[in-house]
Amino acid sequence: MSILEVNGITKAFGGVKALDDVSVTVEENTLLGIIGPNGSGKTTLVNTITGFVRPDTGSVLFKGRDVIGLPPYRITNMGIGRAFQMVKPFFHLPAFKNIIVPLASPRVRASSGGKYGDKDAVALDVLEEVGFERDSSVPYKTASVLPHGYLKRLELARLLALKSEIFILDELFSGLSIAEVTSIIPIIEKILLDGKTVVMVEHRLKELFRIADKVIVLNYGKKIKEGPPKEILEDEEVKKAYLGVEV
Amino acid sequence: MKENYRKERIARSIKARSDDIYALTSYREMWYLLFPRFIPIVGIAIVSYFLPLYWKKVAITTCIFAMLAVSWDFLSNCGLLSLGQALFFGIGSYTAGGLNHYLHLPIYVTIPVATVMGGFISTMILLPVVRLRGIYFAMVTLILPLMLMRLVEATKILGGTEGITGLSPFPNVWFEITLILAAMWASLFGLRRFIASDYGLIFVSMRDNDRATMASGINIYAFKAQALFIGSSICAFCGAFMTHSYQFTGMPVFAMEFSILPIAAAAIGGIGTLAGPLVGAMILVPLSEVLREFGTLRIVFYGLILVICVVALPEGIFHYASRKYNEMERWVKIE
Amino acid sequence: MLVYGLINSAVLALMALGFNLTFGISGVANFAYGAIYVVSGFLTWALINNLGLPYALSAVLTIVIIGVFGGLIYKFIIRRIRGLVISEVIATFGISIVILEFLRYIGFIGFKYSLPVFINGSVEILGTFVDIQRLFIIGFVIFLIAALYLFTHYTKVGLAFRGIAQEEHTSLSLGINPDRIAGWSMGMGSALGAFAALVILPLGTITVDSGYDVLISALSVCIVGGLGSTFGVIIASFIIGYAQTITATYVSAHWTMIVSLVAILIILAIRPSGLLGHQKELEERV
C-alpha cells in the first residue's frame, strides 16, 4: 500500500525548472532512495513534500490527504519527519535538550495522552537509540561542540522523538566516514523493522543500494528512471547521466 | 631558548563537577551561588531607598530601562530582533494614560490592565510581520513607533501633540520604588527560569534555527506571538509605570531613546544572558544622568559606546565577569 | 497631482536605491544611511559657503568623500562583525546616532542651511507648475537606474557585486574578495546616498531630523519592494509615492506616513519577502 504519493510536481525558480512533472510513489514500510547529480532537484523535492517549498503544480498525498499548502509544522505533526542536509541543531542547547523541542510538539503530546511526563528521560532514551552513550557526557554536551557524526545522529533522533511514520533523510551520510555510515545503517534498518517508511536522498550510492528497496533517479528536475537498485545499476541512461561521471 | 607561556583556564564552579545536576554540599557552595544574586538585589534596594529624592527618580528610571533591556534580550533570545521597544512602551503608556484620564480608573487598575492590554495590542500590531526573520523584523519594529507618533499627531487623538497631563500619581515614592524593584527582579528571574524550562526551550530554539523548530512539529508563529506578548507586556508595564510616575503621557513615549537605550544596555552588558542587559542599564542610565549637562551630546556618547562595545567587547560585561567569577586563570609554561 | 505623484515616487526611489544596493550585495543593512544623507548635505553646504568652492566641484567632492567614508566604515567597523546580524544593526545604528546627534550638537539647525537648485524656475506640465529641480530628480532616477544596470551587468566590479550577492563562498573560490567587494558596495551605497541628498535637498532645508526620515522612507520602500531587488524598489516607490500624494491631496499631509505604514503591513502580510523579494526563496534552496 502506498503511504506517500507525489503526483506531477513542477517547481520553477526564476526560469530554471528545479522539478519538472515528477511523480513518486512510496510504498509503506520500504526504503526508497532518491539519487541524481548535484542540482537535479532532490532537495527541492524533499522541500516540497515537507512544506518548505510550495510547488507550482502537482499534489502530494500522504495517506490519501493532500498536504500541499500546509505549513511545515503541520506536515511534521501528520507524521512526515525530515532530516536536514545542512545540520543546524539548536547550538546553544545541550544535545538532549535538543530533543525536548520535538517532544513538545502536538503530535508527541497527543500520543502520550497530553501528558508531558519526564521529558529528559525520554530524550535520553531516544538519544541512546541513535548511539549517544547514555552514561557518558556526550548527551549533556552543548550541541555546538559535538562532532559532525553526532549532529547527524541528532537529526535522526529528532525524527525518532517525533514518532514519524516517514523518515525523509536528506543526504544523511554526507560527510561521514565509512565506519560512521556502517554504524548508522543498523539504526535505519531498525526503523524499517518497526514498520516505518524511509526516504533517503543520497550521494553515497554503494551504501544506499545495499539497503534500498527501490531507487529513483532525477536529472535536471526530471525523473529519468525508477526501479530496484540492480536495474538502476545496469541502466545505460542512468550511467550516462550520473554513474558515468561518478564510477 | 625563549620561554613560552599559555593561559590556562580552570573552572572554579561546582558545576564543573557535573554538567547538569549538582548538589550543594556546604554553606560555602551555597554562598558561592547566592553571592552574585543576593548582593545586587540587596545592594540596589538599599541604595535606592536612601538616595535623595532626585536620585530616587533616577533609580526608578534606571529600573525601567533595565526592564526594557531585559525584555529586549528575551525577544532576541527568541529570534525576534526588535529595534522598537518604544512601540511597546508607548502603547502601555497611552493605555494607562487613556484609562486614567478618560475612564478615571484608579492606578491599581490602570497599571495591570495596561500591562496586559499593551502586550495584547502590540502583539496584534506585529502579528502580520511575525513571519519575518532577523533584520526584516528589525526594520519593521524600527519604523512602527515613529509612525504611531505621526498617527497621534495627525489624528489628534489621545491629546495629540500636547499629550495627556494631570494623571493620578503614586501614593508616595517608597511605594513607587518598591513596586518597580519588585517588578524588575520578578521579570529578570522569572524570564531566566522560564527560558530554562522545557516550555521555554522551544523559544530559545527558535533563535538557533527556526526551520529545525518547525521541522520538530512546532508552530513557530504561535510561539513567536507568545514571546512577543511576554516581551511587550513587560515593556507596557514600564510604560504604564512611567506614565503615572511623571503623571503625563504623550508623543515622547514613542521616542527613539526607549528603543536605543535598552539595546545599548544589552550590547554593553552581554546579549543572551538577560542579566547582562540589566547590568548594562545599571551602568548606562546613571552615567547618562551624570552626562546630562552635555545636552544632546550625551546621545552621541551612547552611539559611541554602542559602536565601541559591539566591535571591541562583543561578549559584554556580564559574560566577562561571570567567566572571571567561575574560572581561575593562570599562566603556565609550555614545556 | 499626477506629476507630483511621479516626483514623489522618484524622490523615494532615489532615497532607497543606495540603501538597497548595499543590502542587496553585502547583506549589511546600513542604518547609518540617513546620517550619510544628511552629512552629504552639510558637507556640500560647507564646501560652498566656507571654502568658497563652486557648486559643481563641491558636489563631486562630496560624492567622492562620502563614498570613501562609507568604504572606511565598512573596513574599520562592519568587517569585524560581519554576519552577526544583531551587531551589524547595533553598530550601524550607533554610527547613525553619533553622526546625527553630533551635527545637532554643533548647531546645524535652522533655515539658513539649504543647497542651491541646479536651475531656477518652473515649467507647466499638464496644468501644474513644476520646479525644474523636481524634473531633474526624475531624470536622475532614470539615469541612475540605467547606470546601475549597466554597471552590474557589464563591468568587472559590477559582476563581482552580483557574484557575492548570490553566493559568497563560490565567488571566494573564483578569486573575488567578498570583503573588498562588500566594502565597495558600502562605499557606493553611501555615494548614492550623497547623490540623492544633492538632488533632493535643494527642494528644502537641511535638517538633522530628515536623517531619520530618510532612513525610514528608504526602509519602507525597500521592505515593500523586497530587500535587494532594484526593480522591486522602483515599483514600491511608485506605490508608496502615489499613495502618499493622493492622501496628501485629498486627506491631509499628516496622514502620509500612516499610508506607508499601512502599505507595509498589508504587503508583508500577503508576501513576507516583499513584492519582488527573492531573498527567502534563495534561502530555501540552501
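Basis of the calculations
- Residues numbered from 1 in each chain as written.
- Chains lettered and ligands numbered in written order.
- Predicted model: local features only at pLDDT ≥ 70, side-chain atom pairs only at ≥ 80, totals over all residues.
- Heavy atoms only, no water.
- pLDDT = per-residue confidence, 0-100.
- Helix = DSSP H or I, 4+ residues; strand = E, 2+ residues; numbered from the N terminus.
- Contact = heavy atoms within 4.5 Å.
- Pairing = 2+ DSSP bridges.
- Axes fitted to C-alpha atoms, helices over the stretch in contact; angles between N-to-C directions.
- Buried area = accessible area lost by both parts, 1.4 Å probe.
- Salt bridge = Lys/Arg side-chain N within 4 Å of Asp/Glu carboxyl O.
- Polar contact = N/O pair within 3.5 Å; in protein donor to acceptor, adjacent residues only side chain to side chain.
- Nonpolar A, V, L, I, M, F, W, Y, C, P; charged D, E, K, R; others polar.
- Patch = residues over 30% accessible without salt bridge, like charges linked within 9 Å, V, L, I, M, F, W, Y side chains within 5 Å.
- Areas by Shrake-Rupley, 256 points an atom, 1.4 Å probe, with all protein chains shown as cover.
- Buried < 20%, exposed > 50% of the residue type's maximum accessible area, 1.4 Å probe, protein only.
- Core = buried A, V, L, I, M, F, W, Y, C linked by side-chain atoms within 4.5 Å.
- Expected span 1.5 Å × (residues − 1).
- Parallel < 35°, antiparallel > 145°, perpendicular 65-115°, else oblique.
- Lys, Arg positive; Asp, Glu negative; His and termini not counted.

> Now, about the confidence of the model for chain C: what can you tell me, with residues and values included?
All names here are of chain C. Of the residues in chain C, 80% have a pLDDT of 70 or more, and the chain-wide mean is 75. The weakest mean pLDDT in chain C belongs to helix α12 (residues 279-285) at 39; the strongest belongs to helix α3 (residues 55-76) at 84. Low pLDDT, under 50, characterises residues 279-286; the stretch is placed with 14 contacts to residues that sit more than four places away or in other chains.

> Please set out the sheet that holds strand β8 (residues 197-201) of chain A residue by residue, giving values where relevant.
Two pairing modes exist for strands in a sheet, parallel and antiparallel, and in both the strands are linked by backbone hydrogen bonds. Residue and element names in this part refer to chain A. Strand order in the open sheet made by the six strands is β6-β7-β8-β3-β9-β10, with mixed pairing throughout. Here the strands that pair on one side only, and so sit at the sheet edges, are β6 (80-83) and β10 (222-227). If you compare each strand with its neighbour and ignore which way they point, the axes differ by 15° on average. Sheet topology note: the strand β7 (residues 166-170)/β8 ladder contains five bridges and is parallel. If you follow Ile168 over to β8, its bridge partner there is Val199. Each of β3 (31-35), β6, β7, β8 and β9 (214-219) touches helix α1 (residues 42-49); the most contacted strand, β6, lies at about 145° to it. Where helix α6 (residues 148-161) meets the sheet, its contacts fall on β6 and β7, and the angle it forms with β6 comes to roughly 170°.

> So what's going on with the interface of chain B and chain A? Which residues, and what values?
Opposite the 22 residues of chain B that make contact, chain A presents 27 residues. Overall, the association of chain B and chain A removes approximately 2,100 Å² of surface from exposure, summing both partners, and the carbon and sulfur fraction of that is 64%. Counting the surface chain B buries against chain A, the share from its top three residues, Asp208, Ala215 and Ser216 of chain B, is 24%. Remark: the boundary between chain B and chain A carries zero salt bridges. Connecting chain B to chain A are six residue pairs in polar contact (both at pLDDT 80 or more). Listed by contribution, the elements that provide at least two residues to the side of chain B that touches chain A are α7 (198-208), α8 (210-214) and α9 (220-246) of chain B. Ranked by residue count, the leading element in the side of chain B that touches chain A is α7 of chain B, at eight residues. Residue classes in the side of chain B that touches chain A are distributed as ten nonpolar, six polar and six charged.

> Account for a nonpolar patch on the surface, naming residues and giving values.
On the surface, a cluster of nonpolar side chains totalling about 1,100 Å² of accessible area is made up of Tyr27, Met30, Trp31, Leu34, Phe35, Phe38, Ile39, Ile41, Val42, Ile46 and Phe50 of chain B. On the basis of relative accessibility, which here comes to 34%, the residue Phe35 of chain B falls in the partly exposed class.

> Go over the nonpolar core, please, and point to the residues and values.
Counting residues in hydrophobic clusters, the biggest one holds 235 residues, and the most contacted among them are Leu169 of chain A together with Phe31 of chain C. If near-sequence neighbours (up to four positions away) are discounted, Phe31 of chain C is found in contact with Leu83, Ile135, Met139 and Leu142 of chain B together with Val89, Thr92, Phe93, Ser96, Leu215 and Leu219 of chain C. In this structure, Leu4, Phe62, Ile75 and Ile80 of chain A belong to the second largest nonpolar core, which totals 26 residues.

> Can you lay out helix α5 (residues 134-155) of chain B for me, pointing to particular residues and giving the numbers?
The first and last C-alpha atoms of α5 of chain B sit 32 Å apart over 22 residues, in line with the 32 Å expected at 1.5 Å per residue. The positive-phi residue at the C-terminal boundary of α5 of chain B is Lys156 of chain B, with phi of around 60°.

> Please provide a residue-by-residue account of the interface of chain B and chain C, values included.
Facing the 41 residues of chain B at the interface are 46 residues of chain C. At the junction of chain B and chain C, the tally comes to zero salt bridges. Inspection of the chain B/chain C interface yields zero residue pairs in polar contact (both at pLDDT 80 or more). Per-element tally for the side of chain B that touches chain C: the top contributor is α5 of chain B, with 14 residues. Of the residues that constitute the side of chain B that touches chain C, the class distribution is 32 nonpolar, four polar and five charged.

> Any chance you could break down the environment of Thr62 of chain B for me, citing the residues and the numbers?
Residues and elements named next belong to chain B. Within the element layout of this structure, Thr62 appears in helix α2 (residues 53-77). Looking at Thr62, the relative accessible area reads 5%, which means it is buried. As a C-alpha pair, Thr62 and Leu278 span 216 residues in sequence and 9.2 Å in three-dimensional space. Those residues in contact with Thr62 that lie beyond four places of it in its chain are Ala281, Met282, Val285 and Pro286.

> Talk me through the packing of α6 of chain A against helix α7 (residues 178-193) of chain A; I want residue IDs and the actual numbers.
Residue and element names in this part refer to chain A. Where α6 contacts α7, the two axes come as close as 11 Å, and the packing angle between them is 5°. When the axes of α6 and α7 are compared, the pair comes out roughly parallel. Seen from α6, the contacting residues are Gly149, Arg153, Leu156 and Leu160; seen from α7, they are Glu180, Ser183, Ile184, Ile187 and Ile191. Its residues assigned to classes, the contact of α6 with α7 comprises five nonpolar, two polar and two charged.

> Give me the lowdown on unusual backbone geometry, citing residues and values where you can.
Within the chain, Lys163 of chain A stands out as a residue other than glycine whose phi angle is a positive 55°. Judged by its relative accessible area of 44%, Lys163 of chain A falls in the partly exposed class. A positive phi is found at Leu274 of chain B, a non-glycine position, where the angle reads about 65°. Here Leu274 of chain B is to be found in the loop between α10 (257-269) and α11 (275-290). By relative accessible area, which is 0% here, Leu274 of chain B ends up buried.

> Go over the pairing of β6 of chain A, please, and point to the residues and values.
Residues and elements named next belong to chain A. Burial along β6 is two-sided: Ile80 and Arg82 and Gly81 and Ala83, pointing in opposite directions, are all buried. As judged from the four bridges shared by β6 and β7, these two strands associate in the parallel manner. Along β7, the bridge assignment pairs Arg82 with Ile168.

> Explain the environment of Gly14 of chain A residue by residue, including any values.
Position of Gly14 of chain A among the secondary structure elements: in the loop between β1 (2-13) and β2 (16-27). Sequence separation of Gly14 of chain A and Gly58 of chain A is 44 residues, and the distance between their C-alpha atoms is 18 Å.

> Explain the side chain of Ser232 of chain B to me, and be specific about the residues and the numbers.
Residues and elements named next belong to chain B. Mapped onto the fold, Ser232 is located in helix α9. By relative accessible area, Ser232 is classed as buried at 1%. At 2.6 Å, the side chain of Ser232 and the backbone oxygen of Leu228 are in polar contact. If we skip the residues at most four places from it in the chain, Ser232 touches Phe88, Gly119, Ser122 and Thr123.

> Lay out the side chain of Lys152 of chain A with the relevant residues and their values.
Turning to its location among the elements, Lys152 of chain A is positioned in helix α6. As a buried residue without a salt bridge, Lys152 of chain A has its nearest oppositely charged side chain in Glu171 of chain A, at a separation of 6.7 Å.

> Which residues make up helix α12 (residues 297-312) of chain B, and what values go with them?
The end-to-end C-alpha distance of α12 of chain B, which contains 16 residues, comes to 22 Å, matching closely the 22 Å that a straight helix rising 1.5 Å per residue would cover. What α12 of chain B keeps buried is the set Leu297, Arg298, Val300, Tyr302, Gly303, Leu306, Val307, Cys309 and Val310 of chain B. As for α12 of chain B, its buried residues are in contact with α10 and α11 of chain B together with α4 (85-105) of chain C.

> Explain the sheet that holds β2 of chain A to me, using residue names and the numbers behind them.
All names here are of chain A. In spatial order, the strands read β2-β1-β4-β5; together these four strands make up an open sheet with antiparallel pairing. Only two strands of the sheet have a single neighbouring strand rather than two, namely β2 and β5 (65-66). Taken together, the two bridges between strand β4 (residues 57-62) and β5 define a ladder with antiparallel strand orientation. What sits directly across from Phe62, in β5, is Arg65.

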